[in-house]
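Each chain, letter by letter, is given below.
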Amino acid sequence: MRVAVTGGCGFIGSAVVRHLMQRTSHQVLNIDCMTYAASEESLAAVSSDPRYRHAPISINDRPALEKVLAEFQPDAIMHLAAESHVDRSIDGPDVFIQTNIVGTYCLLDVAHRYWLKLEAEKKTGFRFLHISTDEVFGHLAPEDPPFTEDTAYDPRSPYSASKAASDHLVRAWYHTYGFPAFVTNTTNNYGPWHFPEKLIPLMIINALEGRPLPVYGRGENLRDWLFVEDHAAALVRAVECGKPGETYAIGARQPRSNLDVVRRICALVDELEPDPAGPRERLISFVSDRPGHDFRYEIDPGHAERCLDWKAEHDFETGLRRTVQWYVDNRSWWQTLRKQRYDGRRLGVEK
Ligand code: DAU
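Report on the accompanying structure. What you see is a predicted model, and the numbers here were worked out from it, not measured in a lab.

Quick notes on the rules
Residues numbered from 1 in each chain as written. Predicted model: local features only at pLDDT ≥ 70, side-chain atom pairs only at ≥ 80, totals over all residues. Heavy atoms only, no water. Buried < 20%, exposed > 50% of the residue type's maximum accessible area, 1.4 Å probe, protein only. Helix = DSSP H or I, 4+ residues; strand = E, 2+ residues; numbered from the N terminus. Pairing = 2+ DSSP bridges. Expected span 1.5 Å × (residues − 1). Contact = heavy atoms within 4.5 Å. Axes fitted to C-alpha atoms, helices over the stretch in contact; angles between N-to-C directions.

1. Some details on the pairing of strand S9 (residues 222-227)
Of all six residues in S9, five are buried; the element is thus mostly enclosed. Taken together, the three bridges between S9 and strand S11 (residues 255-257) define a ladder with antiparallel strand orientation. Bridge pairing links Arg-223 to Arg-256 in S11.

Structure follows, in structure tokens:
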């Protein structure tokens, strides 16, 4: 297959590109305009392969998109380019509307027009996979069953509202134009190359540097954790054998409270890099809660597991150990980011 991936230098996108390059023989076009969270280094292991090509263009740049799709002639598009950090969406929603809604519309429209011109066989096999989040379903109370593909939409942050809008656009293109698109909704990911503004990488690097570990509220909120390489494997299965019009809810059945996650990180960092000053749990600091903080996300991945013949390989403890070890071994990556590109505010770093 010839697979175009948007956002292929992002956290999940780069795991997808590495999976495509290292475990399949597909050709890859990575469409990524390199916003703050993109990392070329995350693809260093595969980027010199002649099967890989990077187009540094925005999904809002219609003429450039038309040109690269016409040249590359993809059999499938995997759409991962998105603004994804909830706290940033609260502070500045504009870019979330521009990228996640308007950008998805632009990409869909260009992809649809490209698809209309394909010859019959290629047209029948073409797939557009839109990668989305479980946050579109709102949040769960402790006694609620996990989200499934049938859960009604109820987004509650500017980020999740923008992703919900993009999901609706993708499904509208399927129903209205017969465009062979489908959607995946996934739980919280973690793993190597995660930009250090999200909970897990932030806590790992702050613990390594002896800085405060800022837990929102009382740390009781629950998230369902999926190792990013397991997610990438599911997405590649989906693009290879998923059905147009379908939805696949992807997760690993690994719910944990934020406080449990942070305590586990402290224990692993203590084990790998003992601190003479004492256990890292002393650094946990309860700070003001996120506005509108969703209490709990959890996915029942049964449908995706059956239809895609896929199952997450990592439980949370195995995946977290690999992740902490990766951050210990790759200090120069995150130290450079912290110095050069990060404003420091949410890292708990003094300004
Ligand atoms: O559910 C999938 C979603 O998971 C994705 O769609 C989002 O792109 C991704 O960012 C993630 O959203 P969350 O808001 O759950 O992730 P985040 O890492 O920002 O926060 C995880 C939990 O940890 C959440 O309850 C807020 C809390 N938190 C986060 C940070 C950054 C803290 O307590 N302290 C922190 O400093």
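Let's pick the thread back up.
2. Re helix H1 (residues 11-23)
The α-helix winds at 3.6 residues per turn, so residues separated by three or four positions along the chain end up facing the same way. With 13 residues, H1 should cover 18 Å at 1.5 Å per step; its first-to-last C-alpha distance of 18 Å lies within 8% of that length. For H1, the tally of buried residues reaches 10 of 13 residues, placing the bulk of the element in the interior. Those residues of H1 not exposed but buried are Phe-11, Gly-13, Ser-14, Ala-15, Val-16, Val-17, Arg-18, His-19, Leu-20 and Met-21. The secondary structure elements touched by the buried residues of H1 are strand S1 (2-6), strand S2 (27-31), strand S3 (52-55), strand S4 (76-79), strand S7 (188-190) and helix H8 (228-241).

3. Focus: the sheet that holds S9
Spatially, S7-S9-S11 is the arrangement adopted by the three strands of the open sheet, whose pairing is mixed. The sheet is open, and its two borders are formed by S7 and S11, each paired with just one other strand. Each strand of the sheet is rotated relative to its neighbour by a mean of 50 degrees, with strand direction disregarded. Across three bridges, the pairing between S7 and S9 is parallel. Looking across to S9, one finds that Asn-188 is bridged to Trp-225. Those strands touched by H8 are S7 and S9, and its axis lies near 70 degrees from that of S9.

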